[in-house]
Amino acid sequence: VIMTEEELKTKQQQIEIHYRKKPDAKGIAFIIGIYGADGTDEDVRNMFSTFEELNFAVFTEKDPTCTQLACLVKAAATVRYPLNYKFITFYFAGHGGINDSGSPYVIPMQLKGEDGKVLRVEEDIVSTFDGTQRTCLFFFDCCLSSGTSLRGPGPHNLPKKVKAPPGCLIAYATNIGYKSMGDKIRGGVWTHYLCKHLREPLSIT
């Protein structure tokens, strides 16, 4: 994915504006929603309010293209945060899948010129945050299937599994090979319970 230095600098400045508004926060949460997916608006609202309650600066991004999402990831990983910002959280709600080798990916907004472009979870998102010296939490509420309609516990015949770097966490709404569950009104089932557990005492300290 090709981005310009100007695009990256602009996104970094936008992020800096957000954290300067909340200098005493525990960290920053990036909430990304692709609004063509069922329940994304509700998921984004739930995650936004949850991390506001947890004293995070919250940065939301609606319907980013592949280039825009890659730029946000790069900017989020390279901004110089206050020392008290111990956590960087990345949440994605939308569409996703797996490639032929079983590697998960997310599907950004598909616009003319970027049709079919995806971001791989490990190579394009998680690895970008290596060396940030902060605890990074990655949450993905999206399908990890290649078109099946299966639900429930996923199969174990796909060898590729994403490994989180030391001090980081990667969590998915479903197993590799399966679809996530949710609807337009209530949002994702997994995100609903994720927010519930994140609000519990001592879940994020």
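From a predicted model like this one, the values you see are computed outputs, not experimental measurements.

Participant: For this particular structure, what's the right way to read the sheet that holds strand 7 (residues 135-141)?
Facilitator: The strands making up a sheet associate through hydrogen bonds between their backbones, and the pairing can be parallel or antiparallel. The strand order across the open sheet built from five strands is 2-1-3-7-8, with neighbouring strands paired in parallel fashion. The open sheet has two edge strands with one neighbour each: strand 2 (56-62) and strand 8 (168-172). Ignoring which end each strand starts from, the neighbouring axes of this sheet average 10° apart. Pairing of strand 1 (residues 27-33) with strand 3 (residues 87-93), which is carried by seven bridges, proceeds in the parallel orientation. Following the sheet pairing, Gly33 is matched in strand 3 by Ala93.

Participant: How should I be thinking about the pairing of strand 5 (residues 104-107) in this particular structure?
Facilitator: Each regular strand carries side chains that alternate between the two faces of the sheet. As judged from the four bridges shared by strand 4 (residues 95-98) and strand 5, these two strands associate in the antiparallel manner. Looking at strand 5, one finds that Gly96 is bridged to Val106. Here strand 4 folds back onto strand 5, and the loop between the two strands holds five residues, one of which, Gly102, carries a positive phi near 90°. As paired strands, strand 5 and strand 6 (residues 119-120) are joined by two bridges and run antiparallel to one another.

Participant: Just checking my understanding: could you explain the packing of helix 1 (residues 5-20) against helix 3 (residues 66-78) for this structure?
Facilitator: Helix-helix packing is characterised by the crossing angle of the two axes and by the distance between the axes. At a minimum axis distance of 9 Å, the contact between helix 1 and helix 3 shows a crossing angle of 60°. Taken together, helix 1 and helix 3 sit at an angle that is classed as oblique. The handedness of the crossing between helix 1 and helix 3 comes out as right-handed. Here helix 1 contributes Glu7, Leu8, Lys11, Gln12 and Ile15 to the contact with helix 3, which in turn contributes Thr67, Cys71, Leu72, Lys74, Ala75, Ala76 and Thr78. Across the contact of helix 1 with helix 3, the residue classes break down as six nonpolar, three polar and three charged.

Participant: What am I meant to see in the confidence of the model for the protein chain here?
Facilitator: Do not read the predicted coordinates in detail wherever pLDDT is low. Per-residue confidence for the protein chain gives a mean pLDDT of 86, with 87% of residues at or over 70. Mean pLDDT per element in the protein chain: strand 9 (residues 182-183) is the minimum at 80, and strand 1 is the maximum at 97. Between residues 148-159, whose pLDDT stays under 50, and residues either more than four places distant or in other chains, the model counts 20 contacts.

Participant: Help me understand the environment of Val106, please; the structure alone is not making it clear to me.
Facilitator: Tracing the backbone through its elements, the reader meets Val106 in strand 5. Owing to a relative accessible area of 1%, Val106 belongs among the buried residues under this scheme. Filtering out sequence-adjacent residues up to four positions away, Val106 remains in contact with Leu69, Phe92, His95, Gly96, Val118, Leu119, Val121, Ile125, Phe140 and Cys142.

Conventions used here
- Residues numbered from 1 in each chain as written.
- Predicted model: local features only at pLDDT ≥ 70, side-chain atom pairs only at ≥ 80, totals over all residues.
- Heavy atoms only, no water.
- Pairing = 2+ DSSP bridges.
- Helix = DSSP H or I, 4+ residues; strand = E, 2+ residues; numbered from the N terminus.
- Axes fitted to C-alpha atoms, helices over the stretch in contact; angles between N-to-C directions.
- Parallel < 35°, antiparallel > 145°, perpendicular 65-115°, else oblique.
- Left-handed = near helix turned anticlockwise from the far one by under 90°.
- Contact = heavy atoms within 4.5 Å.
- Nonpolar A, V, L, I, M, F, W, Y, C, P; charged D, E, K, R; others polar.
- pLDDT = per-residue confidence, 0-100.
- Buried < 20%, exposed > 50% of the residue type's maximum accessible area, 1.4 Å probe, protein only.

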